[in-house]
Structures are given as C-alpha cells and as structure tokens.
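Each chain is listed here by its residues.
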Amino acid sequence: MPLCNMKDLLKKAEEGNYAVGSFSVANMEMILGVIKAAEKTRSPIILQIAEVRLNHSPLHVIGPAMLAAARGASVPVAVHLDHGTSLECIGQALRLGFTSVMFDGSHLPFEKNVEMSKAVVEMAKSTGAAVEAEIGCVGGSEDGSVDIAMRCTSPEQAKLFSERTGVDCLAIAIGNAHGFYKDEPELRFDILSEVDRLVEVPLVLHGGTGISEDDFIRCHQNGIKKINIATATFASSERKVREGYEKGEIKGYYDLHTREIEGAYENAKKHMEIFYSVGKAE
Ligand code: 13P
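Owing to the predicted nature of the structure, the values given are computational and were not obtained by experimental measurement.

Enquirer: So what exactly am I meant to see when it comes to the site of the ligand here?
Expert: By nearness alone, 15 residues border the ligand, and D82, G207, T209, A230 and T231 come closest of all. In the environment of the ligand, an oxygen atom lies 3.0 Å from a nitrogen or oxygen atom belonging to the side chain of H206. For the ligand, an oxygen atom lies 2.5 Å from a polar atom in the side chain of T231. In the complex, 100% of the free accessible area of the ligand, which totals 310 Å², lies under the protein chains. Those elements that provide at least two residues to the shell around the ligand are β3 (77-84) and β8 (224-229). Along the lines of polarity and charge, the residues of the shell around the ligand split into three nonpolar, ten polar and two charged.

Structure, rendered in structure tokens:
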C-alpha cells in the first residue's frame with residue numbers, strides 16, 4: 001500500500017462516516033507500534049510529528065523513518081507535520097515528501113492567519129501535499145510548554161477562513177485542549193454542528209487525550225474526520241516500560257524497546273476501534 005495523501009484518507013472517512021487517527025510519534029519504536037496497530041486492525045492512519053518536538057527528534061532523521069514506515073505498511077498511511085509554525089520547517093517537510101502539513105496560525109490575528117495559511121497552500125501545490133490550518137484556539141500547547149487559553153471557533157469565521165484559504169481540512173476549538181485535561185472536558189457540540197453545517201472541508205479535533213469514548217463518537221459522527229492523539233501514546237509507552245521495570249521483566253535494552261512498541265500499539269489500537277476506522281483500509 002503506498003504512502004497516501006491525507007486528502008484521500010479524509011475523503012474516504014467522510015464517505016464511510018468514521019475518523020482517521022493521527023498519531024504523534026517521537027521515535028522508531030512508536031512508529032512501529034502505531035503501524036502495527038493499523039495493520040492489525042486494517043485501519044488507515046496518519047503518522048505525525050509537531051514542529052515543537054523536533055528539538056528531541058530532528059526532522060531530517062525521524063521524517064525519513066516515518067516515510068519509510070508508511071511506504072512499507074500494508075495499510076494506507078499519510079505522513080503529516082503537526083503544528084508547523086515556520087515556513088522553513090514546513091518547506092523541509094514538503095521536500096522530504098510529507099503528504100500533509102499543518103500551518104498553525106491560530107494565535108495570529110484572523111487576516112494574518114488567512115494570509116499565512118494561503119501561502120502554505122501555495123507552497124504545498126509543488127508536491128500536492130494536503131494542508132491543515134486552525135481557527136479558534138485549542139487549549140494548552142502540543143508539548144505543554146505554554147498554557148494557551150482555549151478560545152472556541154466562531155462558525156462564521158471558520159466558513160470564511162476555509163473559503164478564503166483553500167485548506168484541505170480545518171482544526172477547530174470546541175473546548176478541546178492538548179495534554180491531560182485538568183477537569184473533565186466539556187465539548188461544545190452546538191459549535192461543532194454549526195461549523196459542520198457551514199464548512200465544506202473535513203474537520204480536525206486536536207487534544208484527543210482524555211476525551212471520552214462517547215464524545216469521540218459524537219465528534220466523528222458530526223464532521224470530525226481527523227483526530228490527533230499524542231500524550232496518550234507517550235504515556236502508554238512510558239507506563240508499559242515502567243511496569244516492565246517494576247516487575248523485573250526488563251533485563252536489557254531490547255526488552256525496553258519491545259515494551260515501548262507495545263505501549264504505542266495498545267493505545268493506537270484502542271483509538272482506532274473508537275474512531276470506527278477498523279477494516280477501512282481495504
Ligand atoms: P493530546 O496530546 O492531547 O493527545 O493532543 C494531541 C494533538 O492534538 C497534537 O496536535
């Protein structure tokens with residue numbers, strides 16, 4: 001199965017009424033765990049890494065590994081740059097062959113966000129990659145380094161933004177936040193239905209960690225076709241390793257390696273089932 005364009009994956013998700021999981025990875029073990037879950041459940045998936053994480057996992061090293069894993073997978077896999085903020089980094093991802101990039105201008109004034117997102121849409125035309133942008137502000141930040149205040153998306157602005165920029169999918173803020181939620185998230189399904197009614201392109205939900213199964217289902221049955229999961233995968237891999245040490249089952253590096261893969265696998269598989277993407281690879 002070739003490396004896929006994210007546009008095609010999301011189009012099929014719209015037709016089939018499910019969401020594609022977009023899983024953040026930090027190393028080869030997580031890449032292998034997520035791909036294993038996708039192959040086991042026959043799910044299409046997106047592998048992603050955020051620009052802010054590249055100080056730990058440099059793009060010129062992890063990017064080719066993500067692409068190689070996608071090309072070697074037996075299910076459709078898109079490779080995505082998450083929360084791109086600089087045109088340099090977005091350009092580098094496109095040159096490497098990423099099939100999708102996000103420009104995150106959610107903190108910018110509306111007009112500036114439109115202008116920059118349009119510039120990224122133009123850049124991506126050179127390779128045919130898909131472009132995601134964000135309107136409204138998802139709470140927190142991808143790596144937890146800044147406590148960005150959540151600001152729900154205005155449905156009218158979302159419509160205007162998607163029409164003026166020509167992005168392929170749109171991340172919205174409906175009470176979702178990155179990282180672990182301090183309190184139970186209360187998603188604004190009223191805003192989601194209004195955005196879904198007004199906006200043509202598939203919608204994206206960030207901050208997947210901590211959202212309940214029922215809320216995930218309500219989201220993907222109401223226009224959300226890409227769901228981002230990061231913290232839950234990191235936590236699952238770390239927990240699996242910690243348990244291994246506690247039980248004395250990690251005797252050397254490769255026991256650690258296997259447990260990291262297993263942690264990423266278990267978390268990704270659970271989410272693919274909730275997103276109804278199981279069996280949709282065929
Ligand atoms: P979580 O870390 O809350 O799963 O959010 C992931 C995300 O939205 C990455 O862009």
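Read on for the rest.
Enquirer: Could you clarify how one ought to interpret helix α9 (residues 231-246) in this entry?
Expert: Because the α-helix completes a turn every 3.6 residues, residues three or four places apart line up on one side. Along its 16 residues, α9 runs 22 Å from first to last C-alpha, staying within 8% of the 22 Å computed at 1.5 Å per residue. Taken as a whole, α9 has its buried residues at T231, A232, T233, F234, A235, S236, S237, K240, V241 and G244. On its buried side, α9 packs onto β1 (20-24), α2 (28-41), β8 and α10 (253-274). At the C-terminal side of α9, G248 shows a positive phi close to 70 degrees.

Enquirer: Would you mind going over the state of the cysteines with me for this structure?
Expert: Disulfides are covalent bonds that connect the sulfur atoms of two cysteines. Overall, the coordinates contain zero disulfides when judged by the stated rule. Left unpaired, C89 is separated from the closest cysteine sulfur, that of C169, by 17 Å. C152 takes part in no disulfide bond, and the closest cysteine sulfur to it belongs to C137, at a distance of 10 Å.

Enquirer: How should I be thinking about the pairing of strand β4 (residues 100-103) in this particular structure?
Expert: Note on strand geometry: in a regular strand, side chains alternate between the two faces of the sheet. The side-chain alternation of β4 yields two buried faces, one formed by S100 and M102 and the other by V101 and F103. Strand direction decides the pairing type here: β3 and β4, joined by three bridges, are parallel. Bridge pairing in β4 links G84 to F103. Once you follow β3 into helix α4 (residues 87-96) and on to β4, the crossover reads as right-handed.

Enquirer: Mind showing me how you'd approach the environment of E200 here?
Expert: Structurally, E200 is set in the loop between α7 (189-198) and β7 (203-205). Looking at E200, the relative accessible area reads 75%, which means it is exposed. Remark: the alpha-carbon pair of E200 and T127, spanning 73 residues in sequence, is separated by 23 Å.

Enquirer: Honestly, the nonpolar core in this entry has me stumped. Any pointers?
Expert: One recurring pattern in soluble globular proteins is that nonpolar side chains are buried together. Grouped together as the largest cluster of nonpolar side chains are 76 residues, with contacts concentrated most on I45, L47, M66 and L170. Non-local contacts of I45, meaning those with residues more than four positions away in its chain, are made with L9, V20, G21, F23, V34, I35, A38, P76, V77, A78 and M272. With 14 residues, the next largest nonpolar core counts A13, V20, A130 and V204 among its residues.

Procedures and definitions
Just so you know, the residues in each chain are numbered from 1, in the order the chain's sequence is written. Since the coordinates come from a predicted model, pLDDT governs what is reported: local features require at least 70, and pairs of side-chain atoms require 80 or more to be given and counted, while whole-chain, interface and lining totals use all residues. Computation of side-chain values: all heavy atoms of the structure, hydrogens and water removed. Working definition: residue near molecule or strand if any one of its non-hydrogen atoms lies within 4 Å of it. What qualifies as a polar contact is a pair of N or O atoms within 3.5 Å, subject to a donor-acceptor requirement within protein and to the restriction that residues adjacent in sequence count only when both atoms come from side chains. Computed with a 1.4 Å probe, the accessible areas rest on the Shrake-Rupley method; for each residue, only the protein chains presented here act as cover. Under the DSSP-based scheme used, a helix requires at least four consecutive residues in state H or I and a strand at least two consecutive residues in state E, with every element numbered from the N terminus. Note that Gly is not counted as nonpolar here; it falls among the polar residues with everything else outside the nonpolar set of Ala, Val, Leu, Ile, Met, Phe, Trp, Tyr, Cys and Pro and the charged set of Asp, Glu, Lys and Arg. One less than the residue count of a helix, multiplied by 1.5 Å, gives the span that helix is expected to have. Three exposure classes are used, based on accessible area relative to the maximum for each residue type with a 1.4 Å probe and protein chains only: buried under 20%, partly exposed in between, and exposed over 50%. Should any heavy atoms of two residues lie within 4.5 Å, those residues are considered in contact. Count a disulfide wherever a pair of cysteine sulfur atoms falls within 2.5 Å. Pairing between strands is defined by DSSP: at least two bridges between them are needed. Orienting the strands away from the viewer, one traces the path from the first strand over the helix to the second; a clockwise path indicates a right-handed crossover. Nonpolar core, defined: a set of buried Ala, Val, Leu, Ile, Met, Phe, Trp, Tyr and Cys residues in which side-chain atoms within 4.5 Å join the residues together.

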